Amino acid sequence: MASSIRISLLVLAASAMVAFAGNFYQEVDITWGDGRGKMLNNGELLSLSLDKSSGSGLQSKKEYLFGKFDMQLKLIPGNSAGTVTTYYLKSPGTTWDEIDFEFLGNLSGDPYTIHTNVFTQGKGNREQQFHLWFDPTKDFHTYSILWNPQHILFSIDGIPIREFRNQESKGVLFPKNQPMRMYSTLWNADDWATRGGLVKTDWSQSPFTASYKSYYAEACVWASGASSCSSSRSSKGAWLTQQMDSASQGRLRQVQKNYMIYNYCTDFKRFPQGIPTECSSAA
Ligand SMILES: *[C@@H]1O[C@H](CO)[C@@H](O)[C@H](O)[C@H]1NC(C)=O
């Protein structure tokens, strides 16, 4: 008896958290696209679409200074060549910080490219690109950005794909003072996205639609010059001090070995004066 009560309480607590996690009405505004971005199922689902006249986009209502941001995404199915879906954090201004996931579409059957970058005070040039170990158009998968004072970690379905460590002690700038918002957009970039711009968007397939659910930000929310940090009961705010253990470092190396298709750190032609400082120490 007692245990069944305990179980139903647990179920209640879990469902309350999921409802909070999934509600786009509370968490985001659709900021452009003239009706091409839609919230569905009472805010549990969201879709962005693109046609010849416009793409669409959203931004978080809140600004954050550190956080763990999870979004479940199902990318444009079929021929998505020429399209770019983005999911990123960015601060305003000319010396902005930015942490990017971009999903570069492709012809049916050809793999999406996952493009990542980190900007500090307006300077990026830190691209790493990956192919995936699954078809991102079939089902929802969780794309996560962890941003805490120690590092920035990009993960997919909990598997780390990229780490950008805080190496301020070596003179490398790290984003830590400028609050950022979460953004997601879908737009046409057929001048560069697919095979370097060779494959164009096939507008006969439009509208192109990407789907979103379960946006969850466990974060320090920035409001009126002060930050207040949240933590779910289960994590107790562990995200704020989280670091890579040796198991996750091993998984990261495996992904990079098998799925990384571009790494600025090994692009010696691009940096004839020497590769950037953050590359030289083992990540
Ligand atoms: C598209 O598919 C080609 C062929 O498999 C691949 O080389 C490329 O990385 C894929 N992605 C993009 C965005 O071009």
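This structure is a prediction, so every number in the text was calculated from the model and none was measured.

This brings us to the layout of surface pockets. Here the second largest pocket defines a volume of roughly 220 Å³. In this structure, the second largest pocket is lined by 14 residues; those nearest its centre are Lys68, Leu146, Leu153, Ser155 and Gln242. When contributions to the lining of the second largest pocket are tallied by element, the ones reaching two or more residues are strand S10 (141-147), strand S11 (151-156) and helix H3 (246-259). Class assignment for the residues of the lining of the second largest pocket results in five nonpolar, six polar and three charged.

Let's shift gears to the sheet that holds strand S1 (residues 28-32). One open sheet accounts for eight strands, arranged S1-S4-S13-S6-S7-S8-S9-S16; its pairing is antiparallel. If you trace the sheet from one side to the other, it starts and ends with S1 and strand S16 (260-263), each paired once. Neighbour-to-neighbour, the strand axes of the sheet open up by a mean angle of 15°, direction not taken into account. Alignment of strand S8 (residues 113-119) against strand S9 (residues 128-130), held across three bridges, turns out to be antiparallel. Following the sheet pairing, Ile114 is matched in S9 by Phe130.

Looking now at H3. The end-to-end C-alpha separation of H3 is 20 Å, in line with the 20 Å expected for 14 residues at 1.5 Å each. Every buried residue of H3 is listed here: Ser248, Leu252 and Val255. Buried residues along H3 cover an arc of 65° about the axis, so they all sit on one side. Exposed residues on H3 whose side chains face more than 90 degrees from its buried face are Ser246, Ala247, Arg253 and Lys257. Looking at the buried side of H3, the elements it contacts are S9, strand S12 (159-165) and S16.

The ligand sits among Leu104, Gly105, Asn106, Asp110, Pro111, Thr113, His131, Ala193, Thr194 and Arg195. The side chain of Thr113 places a nitrogen or oxygen atom 3.0 Å from a nitrogen atom of the ligand. Arg195 has a polar backbone atom sitting 2.8 Å from an oxygen atom of the ligand. Class assignment for the residues of the shell around the ligand results in three nonpolar, five polar and two charged.

Time to look at unusual backbone geometry. Comment: phi is negative for the bulk of residues other than glycine, and the bulk of peptide bonds are trans. Here Ser206 and Pro207 are connected by a cis peptide whose omega angle stands at 5°. With respect to the helices and strands, the residue Pro207 is situated in the loop between strand S13 (181-188) and strand S14 (208-223). If you check the backbone angles, Asp34 has positive phi at about 50° while not being a glycine. Mapped onto the elements of the fold, Asp34 is located in the loop between S1 and strand S2 (37-40). For Gln121, which is not glycine, the phi torsion reads 45° and is therefore positive. If you trace the backbone, Gln121 turns up in the loop between S8 and S9.

On to the side chain of Thr185. Structurally, Thr185 can be placed in strand S13. Of the residues examined, Thr185 reaches a relative accessible area of 8% and is grouped as buried. Beyond its immediate chain neighbours, meaning those up to four positions away, Thr185 contacts Trp32, Leu48, Ser56, Gly57, Val84, Thr85, Thr86, Tyr88 and Tyr212.

Turning next to the side chain of Ser155. Secondary-structure assignment places Ser155 in strand S11. Here Ser155 falls in the buried class, since its relative accessible area comes to 10%. Excluding anything up to four places from it in sequence, Ser155 contacts Phe101, Thr142, Tyr143, Ser144, Pro160 and Ile161.

Here we take up the packing of aromatic side chains. As enumerated under the stated definition, the model contains 15 aromatic pairs in all. A centroid spacing of 5.5 Å and a plane angle of 80° characterise the contact between Trp133 and Phe134, whose relative ring orientation is edge-to-face. For Trp133, a relative accessible area of 29% corresponds to the partly exposed category. The class of Phe134 is buried, set by a relative accessible area of 18%. Summarising the aromatic geometry, the rings of Tyr264 and Phe271 are spaced 6.4 Å apart at their centres and angled 75° between planes, so their arrangement reads as edge-to-face.

A word on the pairing of S13. As paired elements, strand S4 (residues 56-60) and S13 share four bridges and run antiparallel to each other. In the sheet register, Gly57 faces S13, and the bridge partner there is Thr185. Where strand S6 (residues 83-90) and S13 come together, eight bridges link them in antiparallel fashion. In the strand pairing of S13, Leu89 is matched with Met182.

Counting 58 residues, the largest nonpolar core has Tyr87, Phe101, Tyr143, Trp147 and Tyr215 as its most contacted members. No other element matches the seven residues that S14 contributes to this core.

Calculation criteria
Residues numbered from 1 in each chain as written. Predicted model: local features only at pLDDT ≥ 70, side-chain atom pairs only at ≥ 80, totals over all residues. Heavy atoms only, no water. 1 Å grid on protein atoms, 1.4 Å probe; cavity = no way out; pocket = protein on both sides within 12 Å on 5 of 7 lines; lining within 4 Å. Points joined across faces, edges and corners; volume = space filled by probe spheres on them. Helix = DSSP H or I, 4+ residues; strand = E, 2+ residues; numbered from the N terminus. Nonpolar A, V, L, I, M, F, W, Y, C, P; charged D, E, K, R; others polar. Pairing = 2+ DSSP bridges. Axes fitted to C-alpha atoms, helices over the stretch in contact; angles between N-to-C directions. Expected span 1.5 Å × (residues − 1). Buried < 20%, exposed > 50% of the residue type's maximum accessible area, 1.4 Å probe, protein only. Arc of directions from axis to C-beta. Contact = heavy atoms within 4.5 Å. Near = heavy atom within 4 Å. Polar contact = N/O pair within 3.5 Å; in protein donor to acceptor, adjacent residues only side chain to side chain. Phe/Tyr/Trp six-rings, centres within 6.5 Å; stacked < 30°, edge-to-face > 60°. Core = buried A, V, L, I, M, F, W, Y, C linked by side-chain atoms within 4.5 Å.

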